[in-house]
Structure formats: structure tokens, C-alpha cells
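Close look at the chain arrangement
If you want the building blocks of each chain, they are given just below.
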Amino acid sequence: MASFKTPALKNPSLSLSSKPRLPSAFSVSFRDNLRFSRSSSRPQRRFLIITASAASISSKPTVLVAEKLGEAGLTLLKEFANVDCSYSLSPEELCTKISLCDALIVRSGTKVSREVFESAGGRLKVVGRAGVGIDNVDLAAATEHGCLVVNAPTANTVAAAEHGIALLSAMARNVAQADASMKAGKWQRNKYVGVSLVGKTLAVLGFGKVGSEVARRAKGLGMHVIAHDPYASADRARAIGVELVSFEEAISTADFISLHMPLTAATNKMLNDETFAKMRKGVRIVNVARGGVIDEDALVRALDAGIVAQAALDVFTEEPPKQDSKLVQHERVTVTPHLGASTIEAQEGVAIEIAEAVVGALKGELAATAVNAPMVPAEVLIELKPYVELAEKLGRLAVQLVAGVSGVKNVKVSYASSRAPDDLDTRLLRAMITKGLIEPISSVYVNLVNADYTAKQRGLRITEERIVIDGSPECPLESIQVQIANVESKFAGAISELGEIKVEGQVKDGIPHLTKVGSFQVDVSLEGSIILCRQVDQPGIIGKVGSILGQENVNVSFMSVGRIAPRKQAVMAIGVDDQPSKGSLQRIGEVPAIEEFVFLKL
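The structure reproduced in this document is the subject of the present report. Treat the numbers as computed from the prediction; the structure is a model and nothing was measured.

**Some words on the overall build of the chain**
Counting secondary structure elements, the chain contains 18 helices and 27 strands. Looking at the 602 residues of the chain, the share that counts as buried comes to 49%. Long-range pairs, those at least 24 residues apart, make up 67% of the contacts in the chain with a sequence separation of at least 6. Entry remark: accessible area of the chain is about 27800 Å², with carbon and sulfur atoms responsible for 52%.

**A word on the pattern of salt bridges**
Under the counting rule described, the total for this entry stands at 25 salt bridges. Across the salt bridge formed by Asp-179 and Lys-183, the nearest N and O atoms sit 3.3 Å from each other. Here the residue Asp-179 and the residue Lys-183 both occupy positions in helix H6 (residues 175-183), the gap between them amounting to 4 residues, near one helical turn. On the basis of relative accessibility, which here comes to 68%, the residue Lys-183 falls in the exposed class. A salt bridge links Glu-596 to Arg-534, with the shortest nitrogen-to-oxygen separation between them at 2.7 Å. You can see Glu-596 sitting in strand S27 (residues 594-601) and its partner Arg-534 sitting in strand S24 (residues 529-536), a full 62 residues away along the chain.

**Some remarks on the side chain of Glu-392**
Topologically, Glu-392 is positioned in helix H14 (residues 378-400). Look at Glu-392 and you get buried, because its relative accessible area is 16%. If near-sequence neighbours (up to four positions away) are discounted, Glu-392 is found in contact with Met-432, Ile-433, Lys-435 and Gly-436.

**Section: helix H18 (residues 582-589)**
Within the sequence span of H18, burial applies to Ser-584, Leu-585 and Ile-588. All buried residues of H18 lie within an arc of 100° about the axis, which places them on one face of the element. What points out from H18, more than 90 degrees from its buried face, is the exposed set Lys-582 and Gln-586. If you follow the buried residues of H18, they end up packed against S24, helix H17 (541-551) and S27.

**Concerning the nonpolar core**
Formed by 52 residues in total, the largest nonpolar core has its most connected members in Leu-401, Val-411, Leu-437, Ile-480, Ile-484, Leu-514 and Leu-532. Per-element accounting of this core gives the leading share, 9 residues, to H14. The residues that make up this core include at least three from each of domain 3 (377-518) and domain 4 (528-601). Filtering out sequence-adjacent residues up to four positions away, Leu-532 remains in contact with Leu-401, Phe-491, Val-517, Met-572, Ala-573, Glu-596, Phe-597, Val-598 and Leu-600.

**Regarding the sheet that holds strand S9 (residues 201-205)**
Reading across from one edge, S11-S10-S9-S12-S13-S14-S15 is the order of the 7 strands in this open sheet, with parallel pairing throughout. Pairing within the sheet leaves two strands with one partner each, and these edge strands are strand S11 (243-244) and strand S15 (333-335). Relative to S15, strand S14 (residues 308-313) is paired through 3 bridges, and the arrangement is parallel. Bridged to Ala-312 within S15 is Thr-334. Helix H7 (residues 209-220) contacts S9, strand S10 (224-228) and strand S12 (256-259) of the sheet and is inclined by roughly 170° relative to S9.

**Brief notes about the sheet that holds strand S4 (residues 62-65)**
Strand order in the open sheet formed by 5 strands is S5-S4-S6-S7-S8, with parallel pairing between adjacent strands. Of all the strands in the sheet, just strand S5 (82-85) and strand S8 (148-151) have a single pairing partner and so form its edges. When the angles between neighbouring strand axes are averaged without regard to direction, this sheet yields 20°. Bridging between strand S7 (residues 126-129) and S8 involves 4 bridges; their strand directions are parallel. Bridging from a neighbouring strand, Arg-129 pairs with Asn-151 of S8. Helix H1 (residues 71-80) contacts S4, S5 and strand S6 (103-106) of the sheet and is inclined by roughly 140° relative to S5.

**Details of the packing of H1 against helix H13 (residues 344-362)**
Contact pair H1 / H13: the axes reach a minimum separation of 7 Å and the direction vectors enclose 20°. One element, H1, and the other, H13, form an angle in the roughly parallel class. Where H1 crosses over H13, the handedness of that crossing is right-handed. In this structure, H1 uses Glu-71, Ala-72, Gly-73, Leu-76, Leu-77 and Phe-80 to contact H13, whose residues at the interface are Glu-348, Ala-351, Ile-352, Ala-355, Glu-356, Val-358, Val-359 and Leu-362. In terms of residue class, the contact of H1 with H13 is made up of 10 nonpolar, 1 polar and 3 charged.

The rules behind each value
- What you see as residue numbers is a count from 1 along each chain, following the sequence as written.
- The predicted nature of this model means local features are confined to residues of pLDDT at least 70 and side-chain atom pairs, given and counted, to a pLDDT of 80 or more, with totals for whole chains, interfaces and linings taken over all residues.
- With hydrogens and water excluded, all non-hydrogen atoms of the structure serve as input to the side-chain values.
- What counts as a helix is a DSSP run of H or I of at least four residues, what counts as a strand is a run of E of at least two, and both are numbered from the N terminus.
- Relative accessibility under 20% of the residue-type maximum defines a buried residue, over 50% an exposed one, and the middle range a partly exposed one, all with a 1.4 Å probe and only protein chains included.
- Whether two residues touch is decided by their heavy atoms; if any such pair falls within 4.5 Å, the residues are in contact.
- For the accessible areas, the method is Shrake-Rupley and the probe is 1.4 Å, while residue cover comes only from the protein chains on display.
- Salt bridges are identified by distance alone: a Lys or Arg side-chain nitrogen within 4 Å of an Asp or Glu carboxyl oxygen.
- Directions are taken from the helix axis to each C-beta atom, and the arc is the one they span.
- Residues belong to one nonpolar core when they are buried, are Ala, Val, Leu, Ile, Met, Phe, Trp, Tyr or Cys, and are joined through side-chain atoms within 4.5 Å.
- An automatic or database domain assignment supplies the start and end points of every domain.
- Following DSSP output, two strands are said to pair if at least two bridges run between them.
- A fitted line through C-alpha atoms represents every axis, and for helices the fit uses only the stretch in contact; the resulting angles, taken between N-to-C directions, go from 0 to 180 degrees.
- Just so you know how the angles are binned, under 35 degrees is roughly parallel, over 145 roughly antiparallel, 65 to 115 roughly perpendicular, and the rest oblique.
- With the far helix as reference, a near helix turned anticlockwise by less than a right angle produces a left-handed crossing, and one turned clockwise produces a right-handed crossing.
- Polar here means any residue other than Ala, Val, Leu, Ile, Met, Phe, Trp, Tyr, Cys and Pro, which are nonpolar, and Asp, Glu, Lys and Arg, which are charged; Gly is therefore polar.

Nothing here speaks to function; it is all geometry.
Below is the structure:
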């Protein structure tokens, strides 16, 4: 086993540590020249199309600002480009105007659809989203048309934290309710007796930029602060005076809960009937993150039952919420219309941040705030496409196996290949493993441009090694192995002989397969989702589990069993097209020979 270093690139401008430049007069996009049937597993071939941009004729690029932007940002843009401020454009008007523009800046109100990119005719080089979320931008279309998408993720951090603290204090002292009462001509001092913050426990769920700033301010108010975040740095938490705990401990011991996590598949409706039932009676909840992290109907039930004493909400699943919303109208709920970033200073900061990112992109610089995949040589993309998918899915599998509060810090990636060291560029694979590890529980979009930066920001150290094997150099890789050290596992069968979580995979007939879990050999296609079971090897187990899934009409795509020896320990990997219900999973766990199981979403 030889130590592996990423080989020196023939084009040093593509180094992650530098800012690559593209000729300002050219745009790059992909076009398909081969389509395939639904039954084919072969990837589409894609070729780079390089076309001269109309911007080469003009001395200055043109930036279309489609929604209101702070004056400081506009000033920066005007120093470098011709700026067209055209607000409230219809989709048709935007498509007509975009062919004359090199860059587009929007907020959340403008839909940047595939039609917009197609109408640009290859001229549009960058779309800037003045804010964090990019739900209104078609990232796939942007990437296909060679257009970089950047956002402004940091400028509103303090504003959001301050609003969180404002809601926390206002909720505790019934400020909004008392104000409405007085304006209705009432004087109800006894009705609006509040609670003190001093000495109370605040649980911060999501200890990123905003969460840590909320924690700092809460400490200043005399609160005891705990936090839960799989990627939080223990050193940074200690420096602030915050204790990192498990999710279960956080929600069960807190007097106040403040939410600061992104809305992902893992956090969608994270606070629901089940989690509310585990909370201390009389808990108070603040949400300035994303509306969808709370099951709003469940919150109403928890308020009515007295489990939740009060809630203060700045964000909602549907915005604006319906006027007759039971949650908004609830007497013990304080609401604001998504004002987290709405300060004069934050709006100016966002304007400057997005203007700088757009100008940098127009100069050919790829910034760390890029949120879509950068242009990759077509021949590399074609060859590595199935391995790219394998790398991301192995990262997703590995991180879902992690338990405890320590978080993922050390990851080792091993590539088995017969190729020469200078003929295997693993940057894209490393980026996709990083993407799989981070994106399921983060709002960050990880790609080749920002992968190393994003990992470093989260204290995630990824090392690589190459295992030299005999074989044909026509195949770039034989296998990829991902190991996570110094963590607990939800599934003991995934622990290797060295005490690390280990998963390994291969590409077979163009499809990623999981081939090893811990010390157990398996073979299951990485499509849909996976159930891993560790059991005593004995007849009938496969049939019992398959019967349970069949009764719920859950289709099994693959099933594989790896064992130490007959009648000894075994691991069964089951690929399923649908997510089984909690009841079905519980029934699987009740099969006598099954010692543990885990459901993993891909």
C-alpha cells in the first residue's frame, strides 16, 4: 500500500488552491451527441462546445440586475460592467433580455429557469443570487450551459442571529401580545407575566455561522447553552462556552430551542409529533432558519397540549402563510414575515458580497461561493461519470452510519487502480465524497471548486491513498473505499478490524455497487435506498425480511449476504426502491436472528 498524493496537473490553473481563469470572450457548455434508452446503463457522451461570446465585441460586460440591490453593490458593479437595472420582469421579458447579458443578479423572486439559460444563447456566464437559498435557479441547466452560479452566504449572519435573539426575548416577555392588547385599549399586566432567560438552558440546533452567533449572545444574557451539530468543532464550541450534545439530549433538556439548520431531506420536519413528545413540558421554540424543519400541524398540537409553551417564528413552510393559518393565529405564537436578513446593514452586505462574486466570475475567477459544478474536461467527465456517482453515494452511506456527538473529522479514501500516478486525477472523486459527507446535513452546495474549502471550514480532514493493483489501465478504478475514524457507529457491523466505519464500492456494468461493509463482503446496487441487517447466519432470514417488505409493497431491487462462516455472523444488504414504514422496519428488527439493522437513504 503506497501513500498517494494527488498528481500534478498538466493545467495548473485548475488547482483548487488557485483561482482558475477562463477567457472572458468564451463560454463553455455541454451538448449531448448520444441518447440512450431507459434500459441502457451506458452514460451519455458529452462534448465541450466553445463559442465566442458577444461580450468580446464590447469593452465592458453587461450585468442585468433583475431585483432591487443595495447601492453599494451597484456601485461595485458599475466600476467593471454596464449595469441594467430592470425590475419585475415577466418570464418572457427576462428570456428576451437575457441574450444581451453576460451576468444576471436576482434575489428570491425571479425564476431563473432552463428557458432563461437556453434563451441566453451561450452568452450568460454567471448568475448571482443575492442571498443564501438558490431554489429559484435551475442548477442543472446552468451547469449544462457553462454558467457559474454564485450566492452570498455570509453577509446576513449577524442580522439573522440578532433577529433570533430578538424573537427569543420578545417571546419570553410576551412583547407582541402585550403590545396588541394595549393597542386594543386593554391593560393586562397579570395576563402577560413572562419568564426570565437567566439560568435557562438554550439548545442551539445547527451550530454554524448563525447558530454560533446566537450562542454568543445567549451566553451574554446569562443562559446555559448546549448545541447539536454533527460537524461542529469541539474547540470552537468550548471557546464560546457551549457544550456539544446529542440531538436527543438537546431536545429533552432544553428550556428554549433555537433552530439554525438548513432544510434538507434529513432535517425536513425534524420537529414533529415524535420529537415534541420527548421535550420538556413548557419548552419554547424559536425558528429563524427554514420553515420546513418544523411540522407545523404537529407544532399546533404541541402548543394546544401544553408541551410547547410558546413559539416565535420568522419562517414558514409556505410563504406567505395562509391568512387563516392556525399556527400564525395562535395566541402563544409570535410571528414575523421572514425578517432575519432584513436590516439595512445586512442588505448592503449582501449587495457587496454578490457584486464581488459576480465581478470575480466575469474576470474568470471561480470563488468559494460557487454553488454548481464547474466546467470539467469532457473526456474526464465521460470516463469518471459512474465513479463520480459511486464516490458521492459512498460518502452518503458512510456519514449516515455515524452516531454520537463527536462528528466526522477524519476520513480516509483509498483508490485501487492499475493506472500510473500521473494518469488518475482524483480531485473530482474527492469532491464528490466530500459532497456526500456534507450535503445531507448542510445548506452548502459542494463541488470541485469549493470542496476542499468547505471541508476545511468544517474541520473535516480527508486523506487519500492509492493501492496499486494488477489490471487493465483501460479501467480507471477497481474500487473506492471510504473510512471514517474516531466515531461511534449506528451499525456495529460497519466497523472494521481497526475500529473505523468502512464502506467500499465498485462500478459494475456502469452502475455503482456497495461491495463491502466493515469486514463483510456484500454486493448490492446503489440505487434507491439500502437496509443493512447484521444477523446470525441461518436459513429463512432472507425470506422473513422479504416477506415483511412484500406485505408493504416495497420492491426489493438487490439483496446480498456476506458472512464470516456458515451459521456465524452475517450482514445482509437489501436494496429497496421505496422507504419502508417505521412499522415494517420495527418488524424487521424483531426477527429473532437479526441483531441490528439500519435504513440508509441514498
